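# Architecture and fold: a report
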Amino acid sequence: MLTIKVNPLYVEVSVYQLKSLKDESKNLERKRDYVDEGGKRARQKVIDYALNNDWDFFFTITFDRKKVDRYSFDDSVREVLNYFWYLKQYNGRYIKYLLVPEPHKRVRKEDGKQAIHCHGLIKLDSFTIDEFEYIERRGDAMVYEWNDISERFGRSEFVKLYNGSEFVGYYISKYISKALSIKISNHRYFKSNGLEGSDVISCIDDEKFLGLGIFPDYVGQFSTRYRLTHEQYELLKSKNIFD
């Protein structure tokens, strides 16, 4: 059995093996790394949401210990989420976000606890030059500071996105994927309601696709994943590979 997820950047084909009772008993004996599995699932969901929605900025928020308890995951994340809620509820702003907390290199000497900072993607209905302060230019990307967020939490950096899904994919792979590999809470990411996901197509017969000999991008205990370009996918569709 296979499933196909289509997003603006690529097409992912996942093949799930139907196992016999004998194979299942072997899997039960094998020690599973649930933390690692959870990280992979979260990473897939974040990539899915990131590539299937429009965004204005990729952002990083670094907390000032004088303003927020940056060593508390719950406190620091709650402060940011409450601020986003406030913008929508009381200011009437349209806001869409995807937030991923990450341990910072700063460590508290007393107990060895790491500080928290956040990466994410955000879409706003409107923003004015008064809200943002220009910091620098990195290649073709313009980098800003959101003044109100910096005043409330510490330091902020908002990179204006360009080039659509490719730029989003770059920032996910460079920053967010690393954050999702570390478990610091049961919630590895936070999102606003109503985010779009990939179109998912299911197909019972996987023999024709597997017979092509395409090299997989990921081989796991329960599934194998392949990443195709849209051109490759359309070519395979024209040859009725997924029928």
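For clarity, every value in this text was computed on a predicted model and none was experimentally measured.

Moving on, we get to the layout of surface pockets. Approximately 270 Å³ is the volume found for the second largest pocket. Of all the elements in the fold, those that place two or more residues in the lining of the second largest pocket are α3 (73-89) and β4 (95-107). At 5 residues, the largest contribution of residues to the lining of the second largest pocket is made by α3. Taken together, the residues of the lining of the second largest pocket break down into 6 nonpolar, 4 polar and 3 charged.

Our focus in this paragraph is the sheet that holds β4. Overall, antiparallel pairing links the 7 strands, which are arranged β6-β7-β8-β3-β5-β4-β9 in an open sheet. Whereas interior strands pair on both sides, the edge strands pair on one side only; in this sheet they are β6 (132-138) and β9 (190-191). Pairing between β6 and strand β7 (residues 141-146): 6 bridges, direction antiparallel. Residue pairing in the sheet places Glu136 in a bridge with Val143 of β7. Its contacts with the sheet put α3 on β3 (57-63), β4, β5 (114-124), β7 and β9, and the angle it makes with β4 is roughly 155°.

Our focus in this paragraph is α3. In an α-helix, one full turn covers 3.6 residues, which means residues spaced three or four apart are oriented alike. If you check α3, its first and last C-alpha atoms are 24 Å apart, about what 17 residues at 1.5 Å a residue would give, namely 24 Å. If you check which residues of α3 are buried, you get Phe73, Ser76, Val77, Val80, Leu81, Tyr83, Phe84 and Leu87. Across the axial projection of α3, the buried residues extend over an arc of 150°, all falling on one side. In the core, the buried residues of α3 are packed alongside β3, β4, β5, β7, α4 (147-153) and β9.

This brings us to the pattern of salt bridges. Scanning all chains against the criterion turns up 6 salt bridges. For Arg138, the salt bridge is made with Glu136, and the minimal N-O distance between the two is 2.6 Å. By relative accessible area, which is 34% here, Arg138 ends up partly exposed. For Glu136, a relative accessible area of 31% translates into the label partly exposed.

Another aspect to go through is the sheet that holds strand β11 (residues 218-219). Here 5 strands make up an open sheet; going across it, the order is β10-β1-β2-β12-β11 and the pairing antiparallel. In the strand order of this sheet, the two ends are held by β10 (199-203) and β11, each with one partner. Across 5 bridges, the pairing between strand β1 (residues 2-6) and β10 is antiparallel. In the sheet register, Val6 faces β10, and the bridge partner there is Asp199. Each of β1, β2 (11-16), β10 and β12 (223-228) is contacted by helix α7 (residues 230-238), which is oriented at about 105° to β12, the strand it contacts most.

A separate point is unusual backbone geometry. Positive phi is not limited to glycine here, since Asn240 has a value of about 60°. Structurally, Asn240 can be placed in the segment after α7. The class for Asn240 is partly exposed, based on a relative accessible area of 40%.

What follows concerns empty space enclosed by the protein. A full pass over the atoms with the stated rule returns 1 cavity of 30 Å³ or more. If you add up the space inside the largest cavity, you get close to 70 Å³. Lining the largest cavity are Lys5, Asn7, Tyr10, Glu12, Gln44, Ile47, Asp48 and Ser198. Top contributing element to the lining of the largest cavity by residue count: helix α2 (residues 34-51), with 3 residues. Split by residue class, the lining of the largest cavity holds 2 nonpolar, 3 polar and 3 charged.

Examined against the element boundaries, Thr224 turns out to sit in strand β12. What makes Thr224 buried here is its relative accessible area of 14%. In this structure Thr224 touches Val13, Ser14, Val15, Pro216, Tyr218 and Val219, once residues within four positions along its chain are discounted.

Our next topic: the environment of Ser192. Relative to the helices and strands, Ser192 resides in the loop between β9 and β10. When the C-alpha positions of Ser192 and Trp85 are compared, they lie 9.3 Å apart, and in sequence the two are 107 residues distant. What Ser192 contacts, discounting residues up to four positions off in sequence, is Ile95, Lys96 and Tyr97. One polar contact links the side chain of Ser192 to the main-chain amide nitrogen of Tyr97, over a distance of 3.0 Å.

Reading guide: rules and limits
- Residues numbered from 1 in each chain as written.
- Predicted model: local features only at pLDDT ≥ 70, side-chain atom pairs only at ≥ 80, totals over all residues.
- Heavy atoms only, no water.
- 1 Å grid on protein atoms, 1.4 Å probe; cavity = no way out; pocket = protein on both sides within 12 Å on 5 of 7 lines; lining within 4 Å.
- Points joined across faces, edges and corners; volume = space filled by probe spheres on them.
- Helix = DSSP H or I, 4+ residues; strand = E, 2+ residues; numbered from the N terminus.
- Nonpolar A, V, L, I, M, F, W, Y, C, P; charged D, E, K, R; others polar.
- Pairing = 2+ DSSP bridges.
- Contact = heavy atoms within 4.5 Å.
- Axes fitted to C-alpha atoms, helices over the stretch in contact; angles between N-to-C directions.
- Expected span 1.5 Å × (residues − 1).
- Buried < 20%, exposed > 50% of the residue type's maximum accessible area, 1.4 Å probe, protein only.
- Arc of directions from axis to C-beta.
- Salt bridge = Lys/Arg side-chain N within 4 Å of Asp/Glu carboxyl O.
- Polar contact = N/O pair within 3.5 Å; in protein donor to acceptor, adjacent residues only side chain to side chain.

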